[in-house]
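What the coordinates show
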Amino acid sequence: MDYKQIIRQVPGFPKPGINFIDVTTLLTNPQAMASAVKDLIAPYKASPPDRIVGIEARGFIFGAACALELGCGFVPARKPGKLPAATYTESYELEYGTDSIEMHQDAIAPGNKVLIVDDLIATGGTVEAVLKLLKKFDCEVVGIAGLVELTFLNGRAKFGDIPFHALVTYDSE
Ligand code: AMP
């Protein structure tokens, strides 16, 4: 499946200089979506994780679909103030200022195998924050899967030796 033919690029959104990778054109294509989910979970089919953590917001879409296919639980990693029960929080740096990410404390048990899923890895800062947050759960992160990787930002350097794969790469802006 040639995902690049299906994923839309919108130059100048949300501000000049950004080439926005718009995966909504893949979501409207059921064959492409089914293929993407199959390719995202392929390395984990033989030995599925206990949990998939999907990162708000587009990571929810792909993460939940992957969790259903693998028969494992899905855990949303959310922007602050959205989750109602007791949470763990991790803050991270943005280009301007900071943001934070939260997960329910009871969503992952000690020793659980966890796969992180997001739509797109740019600087890797968001996934890095989730990795720090997952340390509080005493779980085992078995991998990181993304639909798209912006390789020129080298986000994967932040993931250490955790296995990472992306279905589509963009080498320049
Ligand atoms: P980062 O923390 O830099 O890896 O950014 C990852 C998050 O920002 C992902 O969840 C993406 O949804 C979003 N993002 C960053 N850059 C882009 C882009 N060029 N097009 C679409 N989404 C982006």
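Here, every reference points to the structure presented above.
Please read these numbers as outputs of a predicted model, since none were measured by experiment.

1. Topic: the sheet that holds strand E8 (residues 140-150)
- Judged by pairing direction, the sheet is parallel, and its 5 strands sit side by side in the order E4-E3-E7-E8-E9 without closing on themselves. The open sheet has two edge strands with one neighbour each: strand E4 (73-77) and strand E9 (164-170). If you compare each strand with its neighbour and ignore which way they point, the axes differ by 20 degrees on average.
- Of the strand pairs in this sheet, E8 and E9 are connected by 6 bridges, and their pairing is parallel.

2. As for the pattern of salt bridges
- Overall, the coordinates contain 6 salt bridges when judged by the stated rule.
- Measuring nitrogen to oxygen at the nearest pair gives 3.8 Å for the salt bridge that ties Glu 90 to Lys 136. Taken together, the residues Glu 90 in strand E5 (residues 87-93) and Lys 136 in the loop between helix H5 (125-135) and E8 connect sequence positions 46 residues apart.
- A residue is classified by how much of its surface remains accessible, and Lys 136, at 39% relative accessible area, is partly exposed.
- Where Glu 140 meets Lys 113, a salt bridge forms, and the shortest distance between an N and an O atom there is 3.2 Å. With Glu 140 in strand E8 and Lys 113 in strand E7 (residues 113-121), this residue pair connects regions lying 27 residues apart in the sequence.

3. With respect to the site of the ligand
- In the vicinity of the ligand lie 14 residues, with Arg 58, Ala 122, Thr 123, Gly 124 and Thr 126 positioned nearest.
- The contact in question runs from an oxygen atom of the ligand to an N or O atom on the backbone of Gly 125, over 3.4 Å.
- Notes on the ligand: free accessible area 490 Å², of which the protein chains cover 80%.
- For the shell around the ligand, the secondary-structure elements that each account for two or more residues are strand E2 (19-22), E7 and H5.
- Per-element accounting of the shell around the ligand gives the leading share, 4 residues, to E7.
- Across the shell around the ligand, the residue classes break down as 6 nonpolar, 5 polar and 3 charged.

4. Focus: the nonpolar core
- If you look at the biggest cluster of nonpolar residues, it comprises 27 residues, and the most contacted ones within it are Ile 7, Leu 26, Ile 52, Phe 62 and Val 148.
- Secondary structure elements with two or more residues in this core: helix H1 (3-6), helix H3 (30-41), helix H4 (58-70), E7, E8 and E9.
- Take this core: its biggest share by element is 6 residues, from H3.
- With near-sequence residues (within four places) excluded, Ile 52 lies in contact with Gly 63, Cys 66, Ala 67, Leu 70, Cys 72, Gly 73, Phe 74, Val 75, Leu 115 and Val 117.
- One finds Val 127, Leu 131, Phe 137 and Phe 164 within the second-largest nonpolar core, a separate group that totals 24 residues.

5. Here's the deal with the side chain of Ser 100
- By secondary structure assignment, the location of Ser 100 is in strand E6 (residues 98-104).
- For Ser 100, a relative accessible area of 14% puts it in the buried group.
- Once you skip the residues sitting within four places of it in the chain, Ser 100 turns out to touch Arg 78, Lys 79, Pro 80, Thr 89, Glu 90, Ser 91 and Tyr 92.

6. Some words on the packing of H3 against H4
- Two elements in contact, H3 and H4, have axes separated by 9 Å at closest approach and are oriented at 70 degrees. The orientation of H3 with respect to H4, classified from their angle, is roughly perpendicular. Crossing geometry of H3 relative to H4 is assigned as right-handed. Packed against H3, whose contacting residues are Met 33, Val 37, Leu 40 and Ile 41, the element H4 presents Ile 61, Phe 62, Ala 65, Cys 66, Glu 69 and Leu 70 at the interface.
- Among the residues forming the contact of H3 with H4, the class breakdown is 9 nonpolar, no polar and 1 charged.

Each value, and the rule that gives it
Positions within a chain are numbered from 1, following the residues in the order the chain's sequence is written. Given that the model is predicted, a residue must reach a pLDDT of at least 70 before its local features are reported, and side-chain atom pairs must reach 80 or more before they are shown or counted; all residues, however, enter totals for whole chains, interfaces and linings. For side-chain calculations, the full set of non-hydrogen atoms in the structure is used, while hydrogens and water are omitted. For two strands to be treated as a pair, DSSP must find at least two bridges joining them. Only DSSP runs of H or I covering at least 4 residues are called helices, and only runs of E covering at least 2 are called strands; the numbering of each starts at the N terminus. Axis lines are fitted to C-alpha atoms, over the contacting stretch for helices. Their N-to-C directions set the angle, which ranges from 0 to 180 degrees. Counted as salt bridges are all cases of a side-chain nitrogen of Lys or Arg within 4 Å of a carboxyl oxygen of Asp or Glu. Relative accessible area decides the class of each residue, using a 1.4 Å probe on protein chains only: under 20% of the type maximum gives buried, over 50% gives exposed, and in between gives partly exposed. Residue proximity to a molecule or strand is established when one non-hydrogen atom of the residue lies within 4 Å of it. Side-chain atoms alone can form a polar contact between residues adjacent in sequence; in general such a contact is a pair of N or O atoms within 3.5 Å, and within protein one must be able to donate a hydrogen while the other accepts it. Accessible surface is estimated by sampling points in the Shrake-Rupley manner with a 1.4 Å probe; for residues, cover comes only from the protein chains shown. When residue character is reported, Ala, Val, Leu, Ile, Met, Phe, Trp, Tyr, Cys and Pro are called nonpolar, Asp, Glu, Lys and Arg charged, and the others, Gly included, polar. Take the buried residues of types Ala, Val, Leu, Ile, Met, Phe, Trp, Tyr and Cys, join any two whose side-chain atoms come within 4.5 Å, and each joined set is a nonpolar core. Contacts were defined at the residue level, with two residues in contact if any of their heavy atoms lie within 4.5 Å. We call two directions roughly parallel when the angle between them is under 35 degrees, roughly antiparallel when it is over 145, roughly perpendicular when it lies between 65 and 115, and oblique otherwise. The sense of a crossing depends on the near helix, which, turned anticlockwise from the far helix by less than a right angle, makes the crossing left-handed and, turned clockwise, makes it right-handed.

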